[in-house]
Amino acid sequence: KVVRVAKERPLSRPSSPDVVVVGAGFAGLYQLHRLRGLGLSARVFEAGSGIGGTWYWNRYPGARCDVESLEYSYSFSPELEQEWEWTERYPAQPEILRYAEHVAERFDLRRDIELDTRVTAAVWDEESARWAVTTEHGETVTARFCIFATGCLSKPKDLEIPGLDSFAGPVYSTARWPHAGVDFTGRRVAVIGTGSSGIQSIPVIASQAAEMTVYQRTANYSMPAHNGPLTAQAQRERKANYAAFRDAARHSPAGLVGKLPTENALDVTEQERRRAFYKAWSAGNLGAMRRSYADIGVDIRANDMAADFIRDRIRDKVTDPATAEALLPSDHPFGTKRPCLDTGYYETFNSPHVHLVDLKKTPIEAITATGVATADGEVEVDDIVLATGFDAMTGALLSIDIRGRDGRTLADAWADGPVTYLGLGVAGFPNLFTITGPGSPSVLSNMLVSIEQHVDWISDCLARLERDGVTTIEPNADAQAGWVEHVAEVGQATLYPLAKSWYLGANVPGKPRVFMPYIGGVGAYREICDDVAAEDYRGFDLE
Ligand code: FAD
Ligand code: N01
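All of the points below concern the structure found in this document. All of these numbers come straight from a predicted model, not from anything done at the bench. (Residues numbered from 1 in each chain as written. Chains lettered and ligands numbered in written order. Predicted model: local features only at pLDDT ≥ 70, side-chain atom pairs only at ≥ 80, totals over all residues. Heavy atoms only, no water.)

## Quick notes on the packing of helix 1 (residues 26-38) against helix 14 (residues 447-467)
Just so we agree on the cut-off: Every angle, taken between N-to-C directions, lies between 0 and 180 degrees, and every axis is a line fitted to C-alpha atoms, over only the stretch in contact when it is a helix. Labels follow the DSSP assignment, with helices taken as runs of H or I lasting at least four residues and strands as runs of E lasting at least two, numbered in each case from the N terminus. Note that the term roughly parallel is reserved for angles under 35 degrees, roughly antiparallel for angles over 145, roughly perpendicular for angles of 65 to 115, and oblique for everything else. Handedness of a crossing is defined here by the sense of rotation of the near helix relative to the far one, left-handed for an anticlockwise turn of less than a right angle and right-handed for a clockwise turn. Residue contacts are defined here by distance: any two heavy atoms, one from each residue, within 4.5 Å place the two residues in contact.
It is at 9 Å that the axes of helix 1 and helix 14 come closest, and there the two elements cross at 30 degrees. By the angle between their directions, the pair helix 1 and helix 14 is classed as roughly parallel. When the axes of helix 1 and helix 14 are compared, the crossing they make is right-handed. Taking contact as the criterion, the partners of Phe 26, Ala 27, Tyr 30, Gln 31, Arg 34, Leu 35 and Leu 38 in helix 1 are, on helix 14, Leu 448, Ile 451, Glu 452, Val 455, Asp 456, Ile 458, Ser 459, Asp 460, Leu 462 and Ala 463.

## Structural notes on the sheet that holds strand 1 (residues 19-22)
Where we set the bar: Paired strands are those between which DSSP finds at least two bridges.
Judged by pairing direction, the sheet is parallel, and its five strands sit side by side in the order 3-2-1-7-19 without closing on themselves. Looking at the sheet topology across the chains shown, the edges are occupied by strand 3 (113-114) and strand 19 (432-434). With four bridges joining them, strand 1 and strand 2 (residues 42-45) adopt parallel strand pairing. From the neighbouring strand, Val 20 faces strand 2, where its bridge partner is Arg 43. On top of the sheet, helix 1 reaches strand 1, strand 2, strand 3 and strand 7 (145-148); it is set at about 165 degrees to strand 1, its chief contact.

## Here we look at the pairing of strand 2
Short version of the rule: Here the term buried applies to any residue with accessible area under 20% of the maximum for its type, exposed to any over 50%, and partly exposed to those in between, with areas from a 1.4 Å probe on protein chains only.
Along strand 2, one buried face is formed by Ala 42 and Val 44 and the opposite face, lined by Arg 43 and Phe 45, is buried too. Sheet analysis places strand 2 next to strand 3, joined by two bridges and oriented parallel. From the neighbouring strand, Val 44 faces strand 3, where its bridge partner is Ile 113.

## Quick word on the site of ligand 1
In plain terms, the rule: Working definition: residue near molecule or strand if any one of its non-hydrogen atoms lies within 4 Å of it. Whenever two N or O atoms come within 3.5 Å, that pair is a polar contact, provided that in protein one can donate a hydrogen and the other can accept it, and provided that, for residues adjacent in sequence, both atoms are side-chain atoms. Surface exposure here means Shrake-Rupley accessible area, sampled with a 1.4 Å probe, where a residue is shielded only by the protein chains that are shown.
Near ligand 1 you find 31 residues, and of these Glu 46, Thr 54, Asp 66, Tyr 72 and Met 447 are the closest. Contact between ligand 1 and Val 119: a nitrogen atom at 2.8 Å from a main-chain N or O atom of the residue. Taking Met 447, its main chain carries an N or O atom lying 2.8 Å from an oxygen atom of ligand 1. Taking 980 Å² as the accessible area of ligand 1 by itself, protein coverage stands at 94%. Sorting the residues of the shell around ligand 1 by element identifies helix 1, helix 2 (54-57) and helix 14 as the ones contributing at least two each.

## As for unusual backbone geometry
Only a minority of non-glycine residues have a phi that is not negative, and only a minority of peptide bonds are not trans. One non-glycine residue, Asp 108, adopts positive backbone phi at about 55 degrees. Mapped onto the fold, Asp 108 is located in the loop between helix 4 (93-106) and strand 3. Residues other than glycine seldom take positive phi values, yet Asp 536 does so here, at roughly 50 degrees. Of note, Asp 536 is situated in the loop between helix 16 (522-534) and strand 21 (540-542).

## A few points about the nonpolar core
Heads up, the condition is: Within this scheme, the nonpolar core is defined by two criteria: the residues are buried Ala, Val, Leu, Ile, Met, Phe, Trp, Tyr or Cys, and they are joined through side-chain atoms within 4.5 Å.
Core analysis: the largest hydrophobic core is formed by 64 residues, its most contacted members being Phe 26, Trp 457 and Leu 462. The element best represented in this core is helix 14, accounting for eight residues. The contact partners of Leu 462, leaving out residues within four places of it in the chain, are Val 19, Leu 35, Leu 38, Leu 40, Phe 145, Ile 147 and Phe 433. Grouped together as the second largest cluster of nonpolar side chains are 51 residues, Ile 205, Val 214, Trp 281 and Met 289 included.

## Points about the layout of surface pockets
Definition in use: Cavity and pocket criteria rest on a 1 Å grid covering protein atoms alone: a 1.4 Å probe that fits but cannot get out defines a cavity, protein on both sides within 12 Å along at least 5 of 7 lines defines an open pocket, and an atom within 4 Å of a point defines a lining residue. Grid points are joined across faces, edges and corners, and a volume is the space filled by probe spheres set on the points. When residue character is reported, Ala, Val, Leu, Ile, Met, Phe, Trp, Tyr, Cys and Pro are called nonpolar, Asp, Glu, Lys and Arg charged, and the others, Gly included, polar.
Estimates place the volume of the second largest pocket at around 810 Å³. Residue lining of the second largest pocket: 31 residues in total, with Pro 253, Ala 254, Arg 290, Leu 444 and Tyr 496 positioned closest to the centre. The residue inventory of the lining of the second largest pocket, partitioned by class, reads 20 nonpolar, eight polar and three charged.

## Considering the packing of aromatic side chains
This is how it is decided: When two rings of Phe, Tyr or Trp (its six-membered ring) have centres within 6.5 Å they constitute a pair, described as stacked for plane angles under 30 degrees, edge-to-face for angles over 60, and tilted for the intermediate range. Remark: a charge is flagged as sitting over a ring if the NZ atom of Lys or the CZ atom of Arg is within 6 Å of the ring centre and within 35 degrees of the ring normal.
Tallied over the full model, the rule gives 36 aromatic pairs. Judged by centre distance (5.8 Å) and plane angle (85 degrees), the ring pair of Tyr 172 and Phe 184 falls under edge-to-face. A residue pair is termed long-range when its members are at least 10 positions apart, and Tyr 172 in strand 8 (residues 171-173) and Phe 184 in the loop between strand 8 and strand 9 (188-192) qualify at 12 residues. Using a relative accessible area of 16% as the deciding quantity, one classes Tyr 172 as buried. A residue is classified by how much of its surface remains accessible, and Phe 184, at 1% relative accessible area, is buried. For the pair Trp 457 and Tyr 537, a centre-to-centre distance of 5.3 Å together with 80 degrees between the ring planes defines the contact as edge-to-face. Linking Trp 457 in helix 14 with Tyr 537 in the loop between helix 16 and strand 21, this pair joins segments that are 80 residues apart in sequence. The exposure class of Trp 457 is buried, given its relative accessible area of 5%. Feature note: the residues Phe 26, Tyr 30, Trp 55, Tyr 72, Tyr 74, Phe 76, Trp 84, Trp 86, Tyr 99 and Phe 107 constitute an aromatic cluster, connected by ring pairs. Over the ring of Tyr 56 we find Arg 59; its NZ or CZ atom is 4.9 Å from the centre of that ring.

## Overview of empty space enclosed by the protein
Counted by the stated rule, this structure contains four cavities of 30 Å³ or more. If you add up the space inside the largest cavity, you get close to 80 Å³. Along its surface, the largest cavity is lined by Glu 71, Ser 73, Ser 75, Phe 245, Arg 246, Ala 249, Arg 250, Gly 255, Asn 446, Leu 448, Val 449 and Glu 452. Looking at the lining of the largest cavity, the elements that each hand over two or more residues are helix 7 (242-250) and helix 14. Here the lining of the largest cavity gets four residues from one element, more than from any other, and that element is helix 7. In the lining of the largest cavity, the residues fall into four nonpolar, four polar and four charged.

## Some details on the site of ligand 2
Among the 25 residues in the neighbourhood of ligand 2, the closest are listed as Lys 157, Glu 160, Ser 197, Thr 218 and Lys 337. The separation between an oxygen atom of ligand 2 and a polar side-chain atom of Asp 66 is 3.4 Å. When ligand 2 sits alone it has 900 Å² of accessible area, and the protein chains cover 89% of it. Tallying contributions element by element places helix 5 (residues 196-206) first for the shell around ligand 2, with three residues.

## Re the sheet that holds strand 10 (residues 211-216)
With respect to topology, five strands assemble into an open sheet ordered 8-17-9-10-13, the strand pairing being parallel. Two strands bound the open sheet, and with one partner strand each, they are strand 8 and strand 13 (354-358). Taken over all neighbouring pairs, the strand axes of this sheet differ in orientation by 20 degrees on average, direction set aside. Here five bridges tie strand 9 to strand 10, and the two strands are oriented parallel to one another. Within the sheet, the bridge partner assigned to Ile 192 lies in strand 10 and is Tyr 215.

Quick look at the structure:
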């Protein structure tokens, strides 16, 4: 296999760099930039043939972010902030990928990034106090520190439906979409999955396909995105005041700027509630409905009110009552699976060539050579699109043979679910850091904010270790146990555990059920991390 180096060959490829970074998405790119600033040598290994992570791989039609571009962007460079112009409120995947590529060029990152290079193993060597990191090409490099920027949503989950291999036509995964695109004109298409990827791609694929059948296992909550061009004036206004805006995001609950509710839905009249819910529905903002009242995330009665409101809007949009009923989310509270923003999703089901199969009533029995078979019979299709999600948060890490002290594998340490201290490190695995790891706010936030916070924290930590000649840093087991308990406790106080979500590992058969992200809030979590650092890395052992 030909190994490509991003754009140009690296100036140097030390076999013993100070740091190995795994992954070149937004996390890996910024981490490399900070390491350069510290004067540390680094090699970055990226499995893909290009940089950008999520935005390199997920090229399905309709792929775009649902956090506004002016928030879903780096804040570390005021110059970058000022010079980059976004075209849309919610830009599409090609534009976000161009942005990542611009950042790599602008900060001259490419020369230290090796593409088409999957890391297969990372083994801690006690004697040399270094990690031995092995790539798929058989090269092993040793490094003092190993930073995993491998992504929370980067390993597509295996599909547990029998017969996929026997299908005679093409099977496309939204998370591994062909770079040349796919023309569905005149084709009969099956789409399996109605999470964010399905909900974004279904309207676009349906606009080309001759027939489309959507296989839905769980109906999701989706709200209209109201996407549109970003005016020059809107950008100017934000850019005039960017520092304060970014600061507000960093100290907010979810890395998103917005007024926080003080009132409870249960304390106001029905008329007031309806007004607030309509306002949130019209905002085209992922957090608006949740933020309409303080009790929506914690009190099932308040949550039901918001959920009922959304169900009524779905009924308004879908003309066939049976289809509308099947599209109503009914088995989990609003927000306990990640809700979606869409452009014309529900309306798509009003087209005569679009059909919905409710897998709760008629589960898929098998995929055959010619189509998809349920208890109702087989639907013949030409193409199958899998929008079936990811082995989230732990999948990419556990795909690597990571061995810490005494040869203990990460898979063993996490056999009952991921355990970390602050989502940043794991006891028994010295000098190893995870960016947006389980136990941190990560996927419950605007991830650019969480990525920058982790990278800055790790970089400041490395600077301190360098300055004082510290050889190893590692969470102590007690601190880790306390953090794991806290993460679980905070999660239990919300409605999140009521859903069979990927946050809990419930989408992957056999995966331990642990609520993986930290729901304590981005701002509160930042304070905790800053305090830990200020107290000379409380909870970490430094030697
Ligand atoms: P990634 O972008 O996933 O990058 C990780 C990289 O590591 C990948 O390129 C992968 O190939 C590489 N890698 C993994 N394992 C190995 C290995 N063993 N060896 C070498 N390389 C490896 N978040 C938001 O906040 N707002 C949004 O609107 C939003 N939209 C999203 C849309 C989609 C379709 C998806 C899938 C996710 C979205 N997310 C969103 C979450 C998104 O993943 C993050 O915002 C962010 O892009 C993550 O960056 P990252 O660098 O941490 O990880
Ligand atoms: O994946 P998902 P995704 N048979 O897991 C179904 C981010 N993201 O790629 O819910 C039949 O949400 C599964 O059913 P169920 C965002 O964080 C953001 O869409 O498990 N169906 C579900 O309907 C998001 O949450 C954007 O019952 C099966 C679907 O497939 C995360 O990435 C865009 C099945 C998977 O939905 C993941 O989103 C895209 C089976 N065997 C992604 N297995 C933005 O817009 C799974 N399903 C920002």
